[in-house]
Each structure stands twice: as C-alpha cells, then as structure tokens.
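Next come the chains, spelled out residue by residue.
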Amino acid sequence: MKFLPIKTGVQNIVIKHMFLLAISAVLFALAFPGFLFVDGLGPAGFFALAPLFYVLIESKTRYLLLYSLFFSLIYSFTLFFWLINFNQYSIHITILFLWIYFFILFNLMVYINSTFRGVWPVVFPFIWVCFEYLRTVGFLGYPYGILGYSQYENIFLLQSASIYGVFGVSFFLASFSSFCILLYQYLSKKHICIIHISRRFNFLHNPKFSPWKIAYFAMILPLFGILFPLLGRISLNSYNSSLDNGSKTLKVAMIQHDKDSWAGGLETYKRNFELLRQLSQDVLIEDPDLLVWSETAFVPGYLWHTNYSTHWESALLVKEFQEFADSLDCYFVTGNSNGHLADPELPPILDNGKLNRKDYNSALFFKSGQLLDLYNKQRLVPFSEHLPSSFFSEKIAEKASEKGLRYWEKGDSYNLFDMGGLKFGPQICYEDCFDDISRVATNKGALFFLNLTNDRWAGFEAAYRFHQSFSVFRAVENRRPFLRATNSGVTCLISPEGRVVAELLPNSSHWLVVELELADAKIPFYSKNGNWFVILSFFISFFILGFSIVCSIIKLFKGKN
C-alpha cells in the first residue's frame, strides 16, 4: 500500500477502520427502505453507529479527512441511490454536503474523546443528535437519513416520538450502539472508556470491576431499553383517554393517477386531467366529504389563466377544470401552480414576450367550485425548487431551468383549511419531513394532516417508502391522523399511533376511500414543547466541549512549565 506515507502496521489499522466505516454505512442503509429491503430492515438501526463510534474512539485527526470522504461516499450511494433519477447534480451535491458535515462531526468527536476519554459512551449520542438536527435547518436542510426515521415500523419504540420527537429516537439508537461497543470492550477486556474516570478518582483500582462500568450496565441500559419506549406508551394511553365521545366521521377520497407531473406539454396535461376526472367520477359514488388530488396534479396554473388567459389553450383547459369543480358536491383539494404578477405595475406579457409571472407550488381548496382558500409551499427543495438569491445570479437560474429545473417562490405563512369547523393542515411534497410545520398546525387546531406529494420521478418504491416514514413520525408526534395523497406512492392513511391503516399499491392508477374519526384530542407534550430534547443535547454537548477545551489549555500550560 503506497497511498499513505506511513508504516505498514498503521496502514493496516487504516484499512481496518475503513472496513468498519463501510459496515456502518451499509447498516445505516439497510435500516431504511432500499434496494435490498423495500420497507427497510429497522433492527439494523440499533447497530449502525457501533462500527463508526469504534473507529472514532481509536482514530487520530490526520485520517479523518479520508474517513469522512469514504464514509460519505458509501453512505450516499447506498442510502440515496434513487437521487440519480432526480437530476444529475443532486447526488454530487449530497456527497459534498455530507463530506463537510461528517468531517466536522468526526473531528469534534475525536477531539472530545482525546481530551476527556471517559465520557464518550454518554456524550457521542448527544453530539450525534445535535448534528442530525443541524442537517435539517437552513437553506440546505436535508432531513433524509436521520437515524430515528428507520424505526417508522417499530410501533413500540415509535410512541416515544410524542415526547422526544424523532431526534429522541435517534438518541436511543445511538446509545444502544455505544452500549454495544462497551459490551465488546468489556468482554474482550479492552478497558479504554468509562474506566478512566474510576482510575482518575480512585473509586476502585481493579478496572475490571469499575463501579462506573457496572452502573452503566445495571442502570443505563434498563433506563433506555425499557423506560424510554414505555413513556411513549404512556403518552399514547393519555391521548386515547383524552378522546371524547363527540368525535366526527369524515370520509376522504384520494386519487392516485400514477402520472409524472414533471412531464410537460399541453397534451400531457389534458390526458392527466381526463384521467383524474374519470377516477374522481368513479369514486364519487362513495359520497366522500373531501376529494383530494396530489401535488401539481392539475396543470396549467388555475389562478393565472383565470385572471389573465395568456395562452388560450391553457385557458380552455382551466375552464374545463372549473366546470368539473362546479359539479362537485363536496370539498376538493388539488395541487397546482399558483401564478401571480411578478411586478403588479407591468402587464402579464412584457414587451420582450416573456411573462411577468412568479409561481408558487400551491394547494387549492374548493367547495362546489368556489375557491375557499389556498396554501403556498414554504419548504422548497434546495437547488431544484429554490436558489438562494444572494449567492446565485439570475443567469445561473436560467441555465438551470433550461436543464429541466423549475424554481418556485417561497410561501410566507402557514394556514389551515376549514371544512365547516373541521380544520386540517395542508402540506406539500417533503414538508412532512420537517416537524415544525406539523406542530404549528396542531397548535392552531388541526384535527388531521393532508400531504400532497409527487414522488413519481423517483421510480423506486424504496424512495416512496422512505418519504412515507416521515409522515409516520408526524402522525405520532402530534397524535393526529395523517393522509398522504400522492400521484404514485404511497397514498395512505396513517393513524395517530403510527400504523398504516390503508394504502394503495405504488405505481398504480386508482383511488382510496378512508374514514377518519376526528375529535378535539389533547395536544401531546412534543407538540407543545417542540425539540426540547435537542436543546438538552446541545447544552450537554457544549458543556463537555467547553470542559474539553479547558482541559486542553491546562495540559498545554503544564507542558510549557
């Protein structure tokens, strides 16, 4: 091996570490829906971080640039393989972002372990939670791959999300991985962790019977292995007991037409509308209270062509849509492009022939043909739906648009849809990946959530299931039913307990009718308090990091003296 200017023995250690990193990345991928297990192998999530943590407690900082790159490559291609169908840039941006992310995370963990080795089994899970949360915020917020989501089918552990959120579940899994390493060290008699605390304070000279290690095995494991999920079950019982006898039944019909909304052209839009209209007319026999189409199911823009009619054929199609909406004797929601004048002082068509138009990815809410309300998507997919204007010029945006990327304006407020007193929270696309939108809706009085999604572009059922897992957590965190209306998969109803009550087969053209039992139930602890566990994790991590820095400074001064 000549790629490292180091001794052969050290090279062997590096190769061993990279092998363990590959195992960790593959276990991570197996825990989620993927090419081997469509629904994911959830139990793999309990062990996914163990090889990674083991490498970090043995590593030196000079190898972390290589380790983080290697881990990011394996992690991305095994976990996000379906991004290749999104666009040619997405997988490269993801790898670059994750490389930077893991490089910072690995360095922080190795630094803390090198300065205060005894606390890594407790601190590493808290640091992991902090960095997982940081991945979901800001323009580059990317919640895919958060470890806790791998347990979307683990009904027992899932219930704790109503108290701790998905990041609390991640902490539980990370703690289990830490315990696995401790168990291995204990059985192999490699005492390099908590034992150092007992030596430092002389609790017991024999490291094999360290009271710290005995305390971890005897107390910490039962605490997280039993009490943590048990609190979730108590929360579920509290929710069930809060339901009164005055619940109302709502019948909802969702149309899954199995067509890619990104496929453009007026003829395509006409065929899609004809299919949607036919499926809707078939399901109206069930007499639903609410009819739902998916994200951007109907194109062209309803409001734009109703107000301005800049293209006569599109305006005729909008007129047909309006006639269909007028014929309905129920509430109706559909995804659509909501067009507005970019400059109100200028006409719809400018002198250069371009449209004076800006678009929102919207959900339109009708009753008997009348537009009652609309919601504009707030969380836009970075680089594919939205660009940070301070960093990217209009020319770059235009070139990207020529390659098939479409950009939307960002909605500035969140509002509920009201069906005669029954309020529900609309969401569009991957907005169900972010907990704050669902929490806001719950605290505003939403009795259920409705997500409109276009996942047809992915082409893999695993990608559909991956997206579905977010909705499962939103339902449990807020104890509200969650409806998913998609153009291909997965159209379903998720109960407040996190169970998929009914669903359509992915990649099928059909409709799904479900009945919701709605009541003004008690708002869960997590909905009221948000990511309190993340705040606690940041506090503990910063405390330990500060203590480590102080130890380093003291050590430096002692060395000089």
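Please read these numbers as outputs of a predicted model, since none were measured by experiment. Every chain begins its residue count from 1, and numbering advances along the sequence as written. Selection of residues for local features in this predicted model requires a pLDDT of at least 70, selection of side-chain atom pairs for listing and counting requires 80 or more, and totals for whole chains, interfaces and linings are taken over all residues. Each side-chain value is worked out from all heavy atoms of the structure, with water and hydrogens disregarded.

Participant: Describe the packing of helix 3 (residues 64–79) against helix 4 (residues 90–115), with residues and values.
Facilitator: Geometry of a packed helix pair, given as the angle between the helix axes and the separation of the axes. Contact geometry for helix 3 and helix 4: axes closest at 8 Å, N-to-C directions at 135°. Classified by the angle their axes make, helix 3 and helix 4 are oblique. The two elements helix 3 and helix 4 cross, and the hand of that crossing is right-handed. Residues Leu64, Leu65, Tyr67, Ser68, Leu69, Phe71, Ser72, Leu73, Tyr75, Ser76 and Phe77 of helix 3 lie in contact with helix 4, whose contacting residues are Ile91, Thr94, Ile95, Leu98, Trp99, Phe102, Phe103, Phe106, Asn107 and Val110. Among the residues forming the contact of helix 3 with helix 4, the class breakdown is 16 nonpolar, five polar and no charged. Note on definitions: angles span 0 to 180 degrees between N-to-C directions of axes, and those axes are lines fitted to C-alpha atoms, for helices only across the stretch in contact. The way it works is that DSSP assigns letters per residue, a run of H or I at least four long becomes a helix, a run of E at least two long becomes a strand, and they are numbered from the N terminus. Angles are sorted into four bins: roughly parallel if under 35 degrees, roughly antiparallel if over 145, roughly perpendicular if 65 to 115, and oblique for all others. For a crossing to be left-handed, the near helix must be turned anticlockwise from the far one by less than a right angle; the clockwise case is right-handed. Contacts are assigned to residue pairs with any non-hydrogen atoms lying within 4.5 Å of each other. In this classification, the charged set is Asp, Glu, Lys and Arg, the nonpolar set is Ala, Val, Leu, Ile, Met, Phe, Trp, Tyr, Cys and Pro, and all remaining amino acids, among them Gly, are polar.

Participant: How would you summarise the packing of aromatic side chains if you had to cite specific residues and measurements?
Facilitator: Pairing of aromatic side chains requires ring centres within 6.5 Å, counting the rings of Phe and Tyr and the six-membered ring of Trp. Pairs whose planes differ by under 30 degrees are stacked, by over 60 edge-to-face, and all others tilted. Using the criterion set out here, one finds 64 aromatic pairs in the structure. Centroid distance tyrosine 75 to phenylalanine 80: 5.8 Å. Interplanar angle 80°. Geometry classified as edge-to-face. The classification of residues rests on relative accessible area computed with a 1.4 Å probe and restricted to protein chains. Under 20% of the type maximum is buried, over 50% is exposed, and intermediate values are partly exposed. Overall, the relative accessible area of 1% leaves tyrosine 75 in the buried class. Residue phenylalanine 80 is classed as buried on the basis of its relative accessible area, which comes to 0%. The cationic tip of lysine 367 hangs over the ring face of tyrosine 331; the distance from NZ or CZ to the ring centre is 4.5 Å. To sit over a ring, a charge needs its Lys NZ or Arg CZ within 6 Å of the ring centre and within 35 degrees of the ring normal.

Participant: Provide a residue-level description of the packing of helix 5 (residues 120–134) against helix 7 (residues 161–188), including the pertinent values.
Facilitator: Two elements in contact, helix 5 and helix 7, have axes separated by 9 Å at closest approach and are oriented at 150°. Classified by the angle their axes make, helix 5 and helix 7 are roughly antiparallel. Note that helix 5 runs across helix 7; the crossing there is right-handed. Residues Trp120, Pro121, Pro125, Phe126, Val129, Glu132 and Tyr133 of helix 5 pack against Phe167, Ser170, Phe171, Ala174, Ser175, Ser178, Ile181, Leu182 and Gln185 of helix 7.

Participant: Can you break down a negative patch on the surface residue by residue, with the values?
Facilitator: A contiguous patch of negative charge, built from Glu286, Asp287, Asp289, Asp329, Glu515 and Glu517, is present on the exposed surface. Looking at where aspartate 329 falls in the secondary structure, it is placed in the loop between helix 12 (312–327) and strand 3 (331–341). Among the residues examined, aspartate 329 registers a relative accessible area of 71% and is labelled exposed. Residues forming no salt bridge and having over 30% relative accessible area are the ones grouped into patches, like charges within 9 Å of each other and nonpolar side chains (Val, Leu, Ile, Met, Phe, Trp, Tyr) within 5 Å. Note on areas: Shrake-Rupley with a 1.4 Å probe; residue coverage comes only from the protein chains shown. We define a salt bridge as a side-chain nitrogen of Lys or Arg found within 4 Å of a carboxyl oxygen belonging to Asp or Glu. The charged-residue count follows a simple rule in which Lys and Arg add positive charge and Asp and Glu add negative charge, with His and chain termini not counted at all. Charge positions are represented by NZ for Lys, CZ for Arg, CG for Asp and CD for Glu.

Participant: Which residues make up unusual backbone geometry, and what values go with them?
Facilitator: The omega torsion across valine 299 and proline 300 is 20°, close enough to zero to call that bond cis. Within the secondary structure layout, proline 300 lies in the loop between strand 2 (290–292) and helix 11 (302–307). The backbone of cysteine 429 sits at a positive phi, close to 60°, despite the residue not being glycine. Relative to the helices and strands, cysteine 429 is located in the loop between strand 7 (422–428) and helix 14 (435–443). What makes cysteine 429 buried here is its relative accessible area of 11%. At arginine 479, a residue that is not glycine, the phi angle is positive and equals roughly 50°. Assignment of secondary structure puts arginine 479 in the loop between helix 15 (461–478) and strand 9 (482–486).

Participant: If you had to explain the sheet that holds strand 2 to someone new, which residues and values would you point to?
Facilitator: A pair of strands counts as paired when DSSP detects no fewer than two bridges linking them. Overall, mixed pairing links the six strands, which are arranged 5-4-3-2-1-12 in an open sheet. At either margin of the open sheet sits one strand with a lone partner, and together these are strand 5 (370–376) and strand 12 (510–518). Sheet twist, expressed as the mean angle between neighbouring strand axes with direction ignored, is 35°. Sheet analysis places strand 1 (residues 248–256) next to strand 2, joined by three bridges and oriented parallel. Bridge pairing in strand 2 links alanine 253 to leucine 291. Contacting strand 1, strand 2 and strand 12, helix 10 (residues 266–283) crosses the sheet at an angle of about 150° to strand 1. Along the sheet face, helix 12 touches strand 2, strand 3 and strand 4 (357–367) and points at about 150° away from the line of strand 3.

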